[in-house]
Amino acid sequence: MQKTILFVFLASISLNLFSKVDPANYNFELKSLDVFFPGKESKDAGVGKEISTESGSTQLRFEVKQKRYVFPVLTQVKDGKFIDFMARLPQYFSHDLFHQALINKFGKQDSYFNKDGTAVYQWKNKDGLRHIYAGACTITCFPIYYAVYPEGSETKDPKPMLIRFLKLEAKE
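Residues numbered from 1 in each chain as written. Predicted model: local features only at pLDDT ≥ 70, side-chain atom pairs only at ≥ 80, totals over all residues. Heavy atoms only, no water.

1. Remarks on helix α2 (residues 95-106)
Residues that lie three or four places apart on an α-helix share one face, since the helix turns once every 3.6 residues. Definition in use: In this text, helices come from DSSP runs of H or I with a minimum length of four residues, and strands from runs of E with a minimum of two, each type numbered from the N-terminal end. Helix span is expected to be 1.5 Å times the residue number reduced by one. Burial classification: accessible surface area is computed with a 1.4 Å probe over protein chains only, and a residue below 20% of its type maximum counts as buried, one above 50% as exposed, and the rest as partly exposed. This arc is built from the directions going out from the helix axis to the C-beta atoms.
End to end, α2 covers 16 Å across 12 residues, agreeing with the expected 16 Å (1.5 Å per residue, within 8%). Turning to α2, its buried residues number three or more, namely His 95, Phe 98, His 99, Leu 102 and Phe 106. Down the axis of α2, the buried set is contained in an arc of 95°. They therefore lie on one face. Pointing more than 90 degrees away from the buried face of α2 are the exposed residues Asp 96 and Asn 104.

Here's what the structure looks like:
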């Protein structure tokens, strides 16, 4: 009797060991960011919180909310349309899954830079847009941000959100 109970107990534990466990962002799709792409109507994204207004554009902060995550998306809007966006991705997202999703959508990145465990990937001129994704690795790898802006807008006003943040960081 005791051997039977022990066998059933061990069998039930071993069956659970083979259960499928999905990563925390298994259900995240890049489509949820499509609404923020340059040229899209800002009214379609809902209501964002105004950060500032300058250079003829308004900077807005939106939150992408799904079952398992909430993260900010910083955008610029001019004449009711998005100019660019920068999403600060949750650190519990899987870098490998997010990067692969970008590769599946845009192909292999055009450039890659890695310094001290932080990598920056760029896809240039994909339908006139530049896509920049950054991730870092410590014990595990995780995403930092994903930004999209029109090619050539780095030197024009208003500058893309990502360029503004990088310049602020460089001044300090």
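2. Overview of the nonpolar core
Cut-off, in case you're wondering: Nonpolar cores were defined as sets of buried Ala, Val, Leu, Ile, Met, Phe, Trp, Tyr and Cys residues, with membership established by side-chain atoms within 4.5 Å.
Counting residues in each nonpolar core, the largest one holds 27 residues, and the members touching the most others are Leu 33, Phe 71, Val 73, Phe 85, Phe 98 and Tyr 146. Taken together, the elements giving at least two residues each to this core come down to β2 (57-65), β3 (70-78), β4 (81-88), α2, β6 (118-126), β7 (129-137) and β8 (141-150). Leu 74, Ile 132, Ala 134 and Leu 162 belong to the second-largest nonpolar core, a separate cluster that totals 10 residues.

3. Considerations on the sheet that holds β4
Condition: For two strands to be treated as a pair, DSSP must find at least two bridges joining them. Geometry is summarised by axes, namely lines fitted to C-alpha atoms with helices restricted to the contacting stretch, and by angles between N-to-C directions that run from 0 to 180 degrees.
Taken in spatial order, the eight strands make up an open sheet running β1-β2-β3-β4-β8-β7-β6-β5, and their pairing is antiparallel. The two strands at the open ends of the sheet, each matched to only one other strand, are β1 (49-54) and β5 (111-115). Averaged over all pairs of adjacent strands, the angle between their axes in this sheet comes to 20°, without regard to strand direction. One ladder, built from four bridges, connects β4 with β8; its direction is antiparallel. Bridge assignment links Phe 85 to a residue of β8, and that residue is Val 148.

Geometry only, nothing functional implied.
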